[in-house]
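Inside the fold
Residue strings, one per chain:
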Amino acid sequence: MAEGTRSLRGGSGSSPASSPVLGGRGRAAVVAAAAGGSSPPGHGFRRVTLTKPTFCHYCTDFIWGLAGYQCEVCNFMSHEKCLKNVKIPCSCIAPSLVRVPVAHCFGPPGHYKRKFCTVCRKSLESPAFRCEVCELHVHTDCVLFACSDCRQCHQDGHQDHDTYHHHWREGNLSSSARCEVCKKTCGSSEVLSGMRCEWCGILAHAACYVIVTPECTFGRLRNMILPPSCVQLFSRNFSKLHCFRISENLQTESDEDDDVDGSTQGSAKDVQISTDSSKQTLKIFDGNDAVKRNQFRLISVPRIAKNEEVVEAALRAYYINDDQQEYELQTFTQQALLSDDVINRNDAAQDTNLGSVFRESVPEAWIIRAKPKEEEVIRIYPAWLKVGMAYVSLRVNKDSTTQTVIKEVLPLLGRQMECLQNFKLVEVLMGSKQVQRMVLDNQELILNRLKDIRKTSIRQMNQTRFYIVENSKSVVRVNLFVGGLPPQLSSEEYTNILKDELAIKTNVVSVSHVYQAQGAVVLEISCFSEAERIYMLVKDTTVNDKPLNAVVIPEVMASKIPRNCCPLLVFVNPKSGGLKGRDLLYSFRKLLNPHQVFELTNGGPLPGFHTFSKVPSFRVLVCGGDGTVGWVLGALEEIRHKLVCSEPSVAILPLGTGNDLGRVLHWGAGYSGEDPYSILVSVDEADDVLMDRWTILLDAEESAEGAENGVAEPEPPKIVQMNNYCGLGIDAELSLDFHHAREEEPGKFNSRFHNKGVYMKVGLQKISHTRNLHKDIKLQVDQHEVELPSIEGLIFINIPSWGSGADLWGSESDNRFEKPRIDDGLLEVVGVTGVVHMGQVQGGFRSGIRIAQGSYFRVTLLKPIPVQVDGEPWIQAPGQIIISAAGPKVHMLKKSKQKQKKTASLKEMRVYSMSASEGGR
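Residues numbered from 1 in each chain as written. Predicted model: local features only at pLDDT ≥ 70, side-chain atom pairs only at ≥ 80, totals over all residues. Heavy atoms only, no water.

Description of helix H13 (residues 580-591)
Here is the rule: Note on conventions: DSSP H or I runs of at least 4 residues are helices, E runs of at least 2 residues are strands, and numbering of each starts at the N terminus. Helix span, as expected, comes to 1.5 Å for every residue beyond the first. The classification of residues rests on relative accessible area computed with a 1.4 Å probe and restricted to protein chains. Under 20% of the type maximum is buried, over 50% is exposed, and intermediate values are partly exposed.
In this model H13 runs 17 Å from its N-terminal to its C-terminal C-alpha over 12 residues, within 8% of the 16 Å that 1.5 Å per residue would give. Most of H13 is tucked away: nine of the 12 residues are buried. If you check which residues of H13 are buried, you get Gly581, Leu584, Leu585, Tyr586, Ser587, Phe588, Arg589, Lys590 and Leu591.

Below, the structure is given as structure tokens:
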């Protein structure tokens, strides 16, 4: 115990266990020398005895024998022969290698099989975080130590550039992944190994990726990706969830709660409470902020450990690679932790004699502090001053201020002739969840500022940079889409409503776009704090008993889009397809720019069309059922005149129950887990076809309040759009019963199998039901009266698929009618005699009763009758129904039957299959 009486200031002696990563010159240097190479980047390897099957993180091969080499900080495992070749940096120096700090976008914790933590490199056996934009996976307790190295998906005024380099992410590759350089297997399901570019998707070994051409071309999907250099978004006060319009109901807990819980859970994961009497487990805090939040790390050290070894272990727990002699430990008792004046107690204890780590009464916790310095060297990054260097090193002392630092740095950057007043020094905290920037006062003492940061958190000091920035009169412009307003009002009336409800400041807020038919506006805001205030206030505001919604909208700079680029605008309905929509949202955000992927439950399709309103050429992918497709096509028809590309082609990824339009266009009966990358390739290769759309005018003569089923109708007249079919009678009645059942228990309707089962059940209940529909309606086709046969249902069909793929019209030739096509400008009218007849049609045994074919229809209802249009049912009051062509035909994308073009190699297919399909599980 004599060794334990030394002060914990790190300079009283050297420990044989000191890590060169943390400033020592012992074991790893010896290991590297023995291996015949230089010390690996930041790692502190030590020889360990293997007690279970272990694989090398460099070559992914099995480590034979009982000995391997493990990094004491990040747990990197290696053969002795591989040590000299290790290129992957340790987690402790990773923050210093970040080129452009971009925060991650974490959803709620989840369980991810066969994935590994990027920070500690261990398997994700417990709930972990996953970035919604890139392939980062991290334990809940490691999230604070993750680098802010997410994909840069837009320009935000900080280090903007037009040329994009590969954005490499290590590990979590499929075992069949192959290296772009040497063509050998580079993936592993056993360890975190291999590199992947998160834009173009190419793969490489850790030893090979350094020789890959740095410029990224975005790969096979380059023509579909919205280039990040073309997107501008000022997002200083908005979280990444807000910037990418990710539903906030995904975030089950606040960031602060996540941090607190993660710290406690992580402590138990990393270090089990030791039952070995020769070891001691300690709580370590890294600063005042950790004490306030009660966030600590556990370390386990021998009871006879030297003080330097304890300091070193504490630094390793916080992924700090500084010299352990620059740090000290201060005692913390449980009583002090519970005290309201804990910070003052700690500051007052700095000058006391700390004694040894292990005394008669071991303290409950320790706090690690940096020793005060008379001078030190700091790095100054030149931000977007294109000077050809990453940073400059500068020595500062107790008299150095922000202004003197700027004065000394400018000559080193070749700007010695410039005026000091044209520059400022910005402190940047590169947190994994948020990158925070603060301009330093010209007279602020730099050493005092560094001392304050370290006192708050030595972890934060490791993630803090200083940038020299040129002053510029940057124009702040935040675009906020606000929906849910009363329709058909003027810009002035909308402004007055927003003044009354949100108290907007008209000197910094203006209405830039008005969508009267939809009751929506786009606000242009020139103040970050006002934009954040309005965004948060909208969530709790209602106008005419209708809640408002707000969406942060990026600005697409159309002039920068490459000429051959046709970006894909993706709409996903996450409620469709048994929650498969959630997985597709995640996959498409990874494969494309997340700014081109829109969630329809967050403001509908209008924010997406507004974002792409200036794009000269784009396509649309709708992921949802036929109702979702109709919703998007209806919004497109209403906003078409405001789009530069007024007729974008629309593809479908069917997620609904029937998916008749998807079947006709060869996109399949329904999504069943296909590779999202191959879907995007199919969209790129799809053929452009035209399709008729129809307008249905509903003009009731009286209210339907006393209608069947007690359903009250909206007041006529009413106009709806039709894409697939319109049914009257028994067909609509079954749809209405199904609709009521879904409204009563919506949670049960999350699979096609269950939905079809319910539909069959309501059909059996109507099997003995008789309705003489032909006596209750009159039909006029192209100004001619048509006599109806004895039927229970009348159906107008625009596509050759009805009721989940049935051919209601039939394939038999008939000289009375033309062969139906989806672009012939004609509707086919078919009758059914009842539920049994409908079942026979869906079974392929019969077809419907052909009644007429035409382009203009008038139906007279003599009594209230169930009506459905594209699966949306209601009770229609007596009156007139007029069906006519709806303006120009819509451009649709039909999946090509030809063999897939060989523009996408098998290698690329495997790359994206791994990233999207496995990542979305």
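Quick word on unusual backbone geometry
Positive phi outside glycine occurs at Asn75, with the angle close to 70°. Examined against the element boundaries, Asn75 turns out to sit in the loop between strand S2 (67-71) and strand S3 (77-78). Notably, Asn544 is not glycine yet its phi reads approximately 55°, a positive angle. Of note, Asn544 is situated in the loop between strand S22 (542-543) and strand S23 (546-547). Take Asn544: its relative accessible area is 64%, and that puts it in the exposed class.

So, the sheet that holds strand S10 (residues 279-285)
Applied cut-off: DSSP calls a pair of strands paired once it identifies at least 2 bridges connecting them. Lines are fitted to the C-alpha atoms to define the axes, a helix being fitted only along its stretch in contact, and any angle between axes, read from their N-to-C directions, falls within 0 to 180 degrees. When checking whether two residues touch, look at their non-hydrogen atoms; a contact exists if any pair is within 4.5 Å.
Across the sheet, four strands lie side by side as S11-S10-S13-S12; this open sheet has mixed pairing. Edge strands, defined here as strands with exactly one partner in the open sheet, are strand S11 (297-302) and strand S12 (327-332). The mean angle between the axes of side-by-side strands here comes to 40°, regardless of whether they run parallel or antiparallel. Across six bridges, S12 lies against strand S13 (residues 365-370) in antiparallel orientation. Residue Glu328 lies in a different strand from S13, and its bridge partner there is Arg369. The strands touched by helix H5 (residues 307-317) within the sheet are S10, S11, S12 and S13, with S11 carrying the most contacts at an inclination of about 150°.

A few points about the pairing of strand S18 (residues 464-470)
Within S18, six of the seven residues are buried, which leaves it mostly tucked inside the rest of the structure. Across two bridges, the pairing between strand S14 (residues 375-381) and S18 is parallel. The residue bridging Tyr381 from the neighbouring strand is Tyr467, located in S18. In this structure, strand S16 (residues 423-430) lies alongside S18, joined through seven bridges in antiparallel fashion. If you follow Lys424 over to S18, its bridge partner there is Val469.

Quick word on the packing of H13 against helix H17 (residues 676-685)
How we decide: Working rule for angles: under 35 degrees goes down as roughly parallel, over 145 as roughly antiparallel, 65 to 115 as roughly perpendicular, anything else as oblique. In a left-handed crossing the near helix is turned counterclockwise from the far helix by less than a right angle, and in a right-handed crossing that turn is clockwise. Residue polarity is assigned by list, with Asp, Glu, Lys and Arg as charged and Ala, Val, Leu, Ile, Met, Phe, Trp, Tyr, Cys and Pro as nonpolar; anything else, Gly included, falls into the polar class.
Axis separation between H13 and H17 bottoms out at 10 Å; the angle between their running directions is 65°. Here H17 runs roughly perpendicular to H13, going by the angle between their axes. Of the two possible hands of crossing, H13 and H17 adopt the one that is right-handed. When H13 is examined against H17, the residues Leu584, Ser587, Phe588 and Leu591 are found in contact with a partner set consisting of Pro676, Tyr677 and Leu680. Residue composition of the contact of H13 with H17, grouped by class: six nonpolar, one polar and no charged.

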